[in-house]
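Examination of the molecular architecture
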Amino acid sequence: MAAQLELVAGSYEQITFGYRVKTGENEWTAKADFTHHAHTASITAVAASERFVVTGSKDETIQLYDMKKRTEHGALLHHEGTITCLEFSGTSHLLSGGEDGLLCVWSTKTWECMKTIRAHKGHVTSLSVHPSGKLALSVGADKTLRTWNLINGRSAFIKNIKHNAHIVRWSPDGDRFVVVVNDKIDIYKLETASVTGSITNPKRISSVKFLNKSILVVAGDDETVRFCDVGKAKWVCEFKAHETRVKALDSLIVDDFCVLLTASNDGFIKMWKMHLKEELESPTLLGEVNTTARLTCLAVWRPSSVQPITDAPSEATTSEELARELAKKKRRIQETTEEVIVEDESQPKKKKKKKKKNHGGKKSVKQ
């Protein structure tokens, strides 16, 4: 397999690392491709689409990188406070959440901030875009889980939870999602928006990633990575991945196996090969690279990805209605062209005032 892959990691040392991966059947090697010191504070989030890589930082900026042209693309200036989470919706939009409680929707064509929503009272701690591109989940420091309809631009529903969650993730089929509070994972079903099971990790959880619709990989404040069957809500496998705590996870499917990527405070990024069969076995090490930095976040860049569908649901107002709407049509590959609009649903509506045009800024960077 000769696919083009790049590992991109952020660090406490303010540096973004890029490693070009050479793939083989039983061994992968990662060669340093670039290091970039565009941020003035530690890097907190990284996300990749088929063309761009973005990094967010405590310096309140989002830095853009054009991976096809291999150039720095500028900076997005809109949030006040730390950028806490970043996620692409297909190739057309980027969603960002911050310490300021804002959730911003950016166009990847113009890099303008299309809409700003005051999503939470307090920090937005995590967000996740539904595989269809129609919905987004967010959790924040106000003990709420919020679902945003990205087509009609409204809050779909709000669920009060007892604690401040710090991670939320959709499953690849969009039928389930998980909410993480400290060391506990609550598994929700979209159709009912209710908890179908819970499982507790021995340590506080730092990162989770669905490998398929039923297997969730979990990393926390120790050196062990664990695998959870979300249908049964039980641990099915675990292995020692690093010498210190694992900070970030990512994965990709290659041919007939899965590659799990782990990044740790020990500075290492490791690539693991595993087969997603009924009886999970511990993965085997494909390769590793030592960045010599304290890593905080990780993403894998590939020059191709599946695009979401864009058929707008009707005015669904409950989780059951949303589930039915999403199940009506099969997913198909196409370019996202529909404008994403999100209104501020967290405060009473006021009379409209004239708005300044520049909601977000794009700062040019000298090459």
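Predicted model, so just to flag it, every value in this text is computed and none were measured.

Describing the overall build of the protein chain
The secondary structure content of the protein chain amounts to one helix and 29 strands. Looking at the protein chain residue by residue over its 367 residues, the buried ones come to 54%. Counting only carbon and sulfur atoms, one obtains 46% of the accessible surface of the protein chain, whose full area is about 17100 Å².

Examining the UniProt feature "repeat: WD" (unreviewed entry) in the protein chain
As annotated by UniProt and renumbered to match this structure, "repeat: WD" (unreviewed entry) occupies residues 36-68, 76-116 and 117-158. For residues 36-68, helix accounts for 0% and strand for 58%, while the C-alpha atoms at its two ends are 16 Å apart.

Focus: the pattern of salt bridges
Taken as a whole and judged by the stated rule, the model has 15 salt bridges. Between E6 and R70 there is a salt bridge whose closest N-O contact spans 3.4 Å. Of this pair, E6 sits in strand β1 (residues 5-11) while R70 sits in the loop between β6 (61-66) and β7 (71-77), and the two are 64 residues apart along the sequence. Its salt-bridge partner being D186, residue K184 comes within 3.7 Å of it at the nearest N-O pair. Classification of K184 as partly exposed rests on a relative accessible area of 36%. A residue is classified by how much of its surface remains accessible, and D186, at 13% relative accessible area, is buried. Linked through salt bridges whose partners overlap, the residues forming this network are E6, R20, D33 and R70.

Quick look at the pairing of strand β11 (residues 113-118)
Judged from the five bridges that link them, strand β10 (residues 102-107) and β11 form a sheet pairing that is antiparallel. Counted as the bridge partner of L103 is I117 from β11.

Looking at the nonpolar core
Ranked by size, the top nonpolar core spans 23 residues in total, and within it L7, W28, V259, L261, I269 and M271 carry the most contacts. Of all elements in the fold, only β1, β2 (16-22), β24 (246-254), β25 (257-264), β26 (268-274), β27 (284-290) and β28 (295-301) reach the threshold of two or more residues within this core. Considering each element in turn, this core owes the most residues, four residues, to β25. In contact with L7, other than residues within four places in its own chain, are F17, G18, Y19, V21, A30, L261, I269, M271, A299 and V300.

Digging into the side chain of R226
Looking at where R226 falls in the secondary structure, it is placed in strand β22 (residues 224-229). What makes R226 buried here is its relative accessible area of 8%. At a separation of 3.4 Å, a polar atom in the side chain of R226 contacts the side chain of E238. Setting aside chain neighbours within four positions, we find R226 in contact with N201, P202, L216, V217, V218, W235, C237 and E238.

Let's talk about the sheet that holds strand β14 (residues 144-149)
Reading across from one edge, β12-β13-β14-β15 is the order of the four strands in this open sheet, with antiparallel pairing throughout. Strands with a single pairing partner mark the edges of an open sheet, and in this sheet they are β12 (124-129) and β15 (154-160). Neighbour-to-neighbour, the strand axes of the sheet open up by a mean angle of 20°, direction not taken into account. In the sheet, strand β13 (residues 135-140) pairs with β14 via five bridges, with the strands oriented antiparallel. What sits directly across from L135, in β14, is N149.

Structural notes on the confidence of the model for the protein chain
On average, the protein chain scores 85 in pLDDT, and the residues at 70 or more come to 81%. A low-confidence stretch, residues 305-315 (pLDDT under 50), is modelled with 40 contacts involving residues beyond four sequence positions or located in other chains. Confidence drops under pLDDT 50 across residues 348-367; counting only partners more than four residues distant or on other chains, this segment forms 22 contacts.

Considerations on the pairing of β2
Counting buried residues along β2, five of its seven residues qualify, which places the element largely inside the surrounding structure. Sheet analysis places β1 next to β2, joined by six bridges and oriented antiparallel. Looking at the pairing, G10 lines up with T16 of β2. Counted along the chain from β2 to the antiparallel partner strand β3 (residues 29-36), the turn is six residues long.

Some thoughts on the packing of aromatic side chains
Per the counting criterion, the structure on display carries seven aromatic pairs. Ring centres of F227 and F239 lie 6.1 Å apart, and the angle between their planes is 20°; this geometry places the pair in the stacked category. Taken as a pair, F227 in strand β22 and F239 in strand β23 (residues 234-240) lie far apart in primary sequence, 12 residues in all. Relative accessible area serves as the criterion here: at 0%, F227 is assigned to the buried category. An aromatic cluster is present here, built from W170, F177 and Y188 joined pairwise through their rings.

Quick notes on the side chain of S171
With respect to the helices, strands and loops of the structure, S171 is situated in the loop between β16 (167-170) and β17 (176-181). Looking at S171, its side chain comes within polar contact range of the side chain of D173, at 2.6 Å. Polar side-chain contacts of S171 include one of 3.5 Å to the backbone nitrogen of D175. Once residues within four sequence positions are removed from consideration, S171 is found in contact with P131, R176, F177, F210 and K213.

Parameters and conventions
Residues numbered from 1 in each chain as written. Predicted model: local features only at pLDDT ≥ 70, side-chain atom pairs only at ≥ 80, totals over all residues. Heavy atoms only, no water. Helix = DSSP H or I, 4+ residues; strand = E, 2+ residues; numbered from the N terminus. Buried < 20%, exposed > 50% of the residue type's maximum accessible area, 1.4 Å probe, protein only. Areas by Shrake-Rupley, 256 points an atom, 1.4 Å probe, with all protein chains shown as cover. UniProt positions renumbered as here; feature names shortened; annotations may be inferred. Salt bridge = Lys/Arg side-chain N within 4 Å of Asp/Glu carboxyl O. Pairing = 2+ DSSP bridges. Core = buried A, V, L, I, M, F, W, Y, C linked by side-chain atoms within 4.5 Å. Contact = heavy atoms within 4.5 Å. Polar contact = N/O pair within 3.5 Å; in protein donor to acceptor, adjacent residues only side chain to side chain. Axes fitted to C-alpha atoms, helices over the stretch in contact; angles between N-to-C directions. pLDDT = per-residue confidence, 0-100. Phe/Tyr/Trp six-rings, centres within 6.5 Å; stacked < 30°, edge-to-face > 60°.

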